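Structural description and commentary
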Amino acid sequence: MSRAEDELRSIARSLLENRVVELVLGYERYGRSVRPCFVSKPEEAGRLVWSPECWFNLAKYLRSLRGRRVGVVAKGCDGRSIVELVNENQVDRGSIIVIAVECTGVNRPVKYGSTGAASIPAEYCGRCVSRVSPVADYLVKADVQGPPEESPGATVHASDWLSLFAKCLKCSACVKACPLCYCTECSIEGFKPDLVHRLRDSKELFTFHLTRALHMAGRCVECGACESACPVEIPLTRLYHELNEWFRENYSYVPGSRIGEAPPALVFKEDG
Amino acid sequence: MRLGSMLFISEDGFKLLLEELVSSKKVIAPVEADGFFDFKAIKHAGEASLDYTNTRLPPKRFFIPQREVVFKHYPETGVRQEPGISVETVLLAVRPCDASALSILDNILLKPPHPDPFYESRRRSTTVLSLSCAKPGEECFCNVFQTGPVRGSGEDVTLTRITGGFLAELRSERGRLLVNGFRSLFEKAVSEHLEEYGELSRRLTGEMEGRIKTVGEQLVKLEEKLGDEYFQQAAQRCLECSLCSFVCPVCYCFDTEDYLEKNTYVRAKGWDTCASPFFTRMASGLDPRTSRVDRFCHRFCHKLSRIPLAFNAYGCVGCGRCVSLCPTGVDIREVLKRWG
């Protein structure tokens, strides 16, 4: 067990013992990977792990736990999505205890049927703006120092997106894994308005993905959960990154940086 | 050559067979593309890659496409489109678990009095040549349902790689016919071949039994266990996406959509998932399965208890796709270990 993991467990244990929180959201080991876990008893804090396989963004669960006092393990990007959720009035900062963990980048999950077996660093971590959450009640320092390798390039030509989207199964794992996709009636699930059919239609995949991209523009914290969840490995974060760049250039806005700063696309100002 | 015959085909003979098949039929085989293996219709024998653990997605979509038009109704002529005739197809090098999934689907979708005509026409025109596993994947548990790793059900010919070539077992009349057409490429298997096959089979099964044991009859009573704390805990993680159903070789539930395309009335059907909150919502607004934990339990119950009760086979073949690909690590093996 690493020092960071040890520290994480003792923070979670004390939060639960002292009833500061009812529940701690963290990661536990299963098989060859890790998965989210919900710890509600102090004696179960030992289940918590910290490793480069912790790509899932636990902020996803916060909205459904509104009204409860929750501790959450957060990487830099997870913290930014908490800020975004607070700024969009979806969660209450006061009821969340953020256990920030200094992140050194996550690995791409090794999936069924892959041609390569080794886990490699996720490309999107190379574009990370901050490895530490902007909001933190506790900070766990990384065991290993040094930032993830940079990988800023890797843009996809517009016409290549068509062939990438053609692989899409419309399983909605990207939508459901995204902490900022919280609409109760999703326009790309095919109900009110029925922008696309509910059942996958190959002709509509472009509409599906571009609608989602526009909803993410200037809000996406680039945590890469959508991309890592995708069963056919569509590099969605590259698309959202390009749109984010536009907001950064025009509004100097980096999603999830500060509490109280609403995303430009959600603000209406008459004087422009 | 009778059913059940064990034949040997050399490496070179197999290459020839593949070339012949590609030139005369539609051949669907595992292909390496964009970092993972998947089934594709191939034009050249060289496109097929046979050194793979399993494909990312199952071959289900070649029998049940994700979306298909059931019929169209034109206002002037009233013509309705019937399912087209499928072309002669060979599904090559499918793993025994995925082939077994087809036999489960046959039980369900070809059952009289209402067989699915779309599935039927595709299934009847396809010959399934399976390829035994050489090394089970990390998340595989086919031994639980006896759907692999060497031999499953639903195959027309079971191919097993042995020294110098492949051992071919004729499993159905359709498979016998196909092999008969290329008789000169096959020879009778000798005891050395059969010994190697037996050794491989024992080694792989032993390896998998070490991870998880074969299940018993008690799974049919899974419904009684649904109040267990385990399901409450595990369901919390579920995101209610469709991933597990869409990558499952057995999941066959569908929904239909009616809509207008210009002035033609179209009815389409397509994959749906019981994980979705919309799956059981009726037009009246009534929904018999409203909570996440209910939906979560349903998936396991359907596969491990209701399908076996109705169709005499489990609705899971242990391919491990849902286990590996689920973004939040929902793991059917935990249910099998607890109550199997």
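Parameters at a glance
Residues numbered from 1 in each chain as written. Chains lettered and ligands numbered in written order. Predicted model: local features only at pLDDT ≥ 70, side-chain atom pairs only at ≥ 80, totals over all residues. Heavy atoms only, no water. Helix = DSSP H or I, 4+ residues; strand = E, 2+ residues; numbered from the N terminus. Rg over C-alpha atoms; globule rule 2.2 N^0.38 Å. Buried < 20%, exposed > 50% of the residue type's maximum accessible area, 1.4 Å probe, protein only. Pairing = 2+ DSSP bridges. 1 Å grid on protein atoms, 1.4 Å probe; cavity = no way out; pocket = protein on both sides within 12 Å on 5 of 7 lines; lining within 4 Å. Points joined across faces, edges and corners; volume = space filled by probe spheres on them. Disulfide = S-S within 2.5 Å. Core = buried A, V, L, I, M, F, W, Y, C linked by side-chain atoms within 4.5 Å. Domains from an automatic or database assignment. Contact = heavy atoms within 4.5 Å. Nonpolar A, V, L, I, M, F, W, Y, C, P; charged D, E, K, R; others polar. Buried area = accessible area lost by both parts, 1.4 Å probe. Salt bridge = Lys/Arg side-chain N within 4 Å of Asp/Glu carboxyl O. Polar contact = N/O pair within 3.5 Å; in protein donor to acceptor, adjacent residues only side chain to side chain. Axes fitted to C-alpha atoms, helices over the stretch in contact; angles between N-to-C directions.

**What to know about the overall build of chain A**
Check the secondary structure of chain A and you find seven helices and five strands. Put simply, chain A runs from its N terminus to its C terminus through helices and strands in the order α-β-β-β-α-β-β-α-α-α-α-α. In terms of overall dimensions, chain A is globule-like: its C-alpha atoms have a radius of gyration of 19 Å, near the 19 Å expected for 272 residues. Its C-alpha atoms put chain A at 55 × 50 × 35 Å along the principal axes.

**Description of the pairing of strand S5 (residues 89-94) of chain B**
Residue and element names in this part refer to chain B. Burial within S5 is extensive, with six of its six residues counted as buried. Here three bridges tie strand S2 (residues 26-33) to S5, and the two strands are oriented parallel to one another. Across the sheet, the residue bridging to Ile-28 is Leu-91, located in S5. As paired strands, S5 and strand S6 (residues 126-131) are joined by five bridges and run parallel to one another. Considered in S6, the bridge of Thr-89 is made with Thr-126.

**Considering the layout of surface pockets**
Considering only enclosed or pocket space, the largest pocket measures out at about 870 Å³ in volume. Together, 32 residues line the largest pocket, and Lys-60, Lys-176, Cys-181, Tyr-182 and Cys-183 of chain A are the ones closest to its centre.

**Some details on the state of the cysteines**
Residues and elements named next belong to chain B. In total, this model carries zero disulfides over all chains according to the counting rule given. With no disulfide of its own, Cys-97 lies closest to Cys-319 among cysteine sulfurs, the gap being 5.5 Å. No disulfide involves Cys-142; its sulfur sits 6.2 Å from that of Cys-97, the nearest cysteine. The exposure class assigned to Cys-142 is buried, which follows from its relative accessible area of 5%.

**Let's talk about the nonpolar core**
A general feature of soluble globular proteins is that nonpolar side chains tend to end up buried together. Membership of the largest hydrophobic core comes to 118 residues, with the highest contact counts inside it found for Leu-25, Tyr-27, Leu-62, Ile-82 and Ile-234 of chain A. The dominant element in this core, judged by the number of residues it contributes, is helix H2 (residues 96-109) of chain B, at eight residues. There are two domains that each give this core at least three residues, and those are domain 1 (6-68 + 81-209) and domain 2 (217-253 + 273-339) of chain B. Once you skip the residues sitting within four places of it in the chain, Leu-62 of chain A turns out to touch Leu-25, Val-70, Val-72, Ile-82, Val-91 and Ile-96 of chain A.

**As for empty space enclosed by the protein**
All names here are of chain B. In total, this model carries twelve cavities of 30 Å³ or more according to the counting rule given. For the largest cavity, the calculated volume is near 240 Å³. Every residue lining the largest cavity is counted, 18 residues in all, and those nearest its centre are Cys-238, Cys-244, Phe-296, Arg-299 and Val-330. Breaking the lining of the largest cavity down by element, the ones donating at least two residues are helix H7 (243-246) and helix H8 (292-311). Among the elements that line the lining of the largest cavity, the one with the most residues is H8, at five residues. In the lining of the largest cavity, the residues fall into 13 nonpolar, one polar and four charged. Estimates place the volume of the second largest cavity at around 200 Å³.

**Describing the domain arrangement of chain B**
Residues and elements named next belong to chain B. Domain assignment breaks chain B into domain 1 (6-68 + 81-209) and domain 2 (217-253 + 273-339). Spacing between the C-alpha centres of domain 1 and domain 2 amounts to 27 Å. With 26 residues of domain 1 in contact, the opposing surface of domain 2 contributes 26 residues. Where domain 1 abuts domain 2, roughly 2,100 Å² becomes buried across the two surfaces, and 68% of that area is made up of carbon and sulfur atoms. Scanning the region where domain 1 abuts domain 2 turns up one salt bridge. The tally of links from domain 1 across to domain 2 stands at ten residue pairs in polar contact (both at pLDDT 80 or more). Of the residues in the side of domain 1 that touches domain 2, the class split is 14 nonpolar, six polar and six charged.

**Considering the sheet that holds strand S4 (residues 96-101) of chain A**
All names here are of chain A. Taken together, five strands build an open sheet; the order of strands is S2-S1-S3-S4-S5 and the sheet is mixed. What marks the edges here is a single partner per strand, and that holds for strand S2 (33-39) and strand S5 (138-140). Ignoring strand direction, the axes of neighbouring strands in this sheet form an average angle of 30°. Both strand S1 (residues 23-30) and S2 contribute to a ladder of seven bridges, which runs antiparallel. Within S2, the position partnered with Gly-26 by the bridge is Cys-37.

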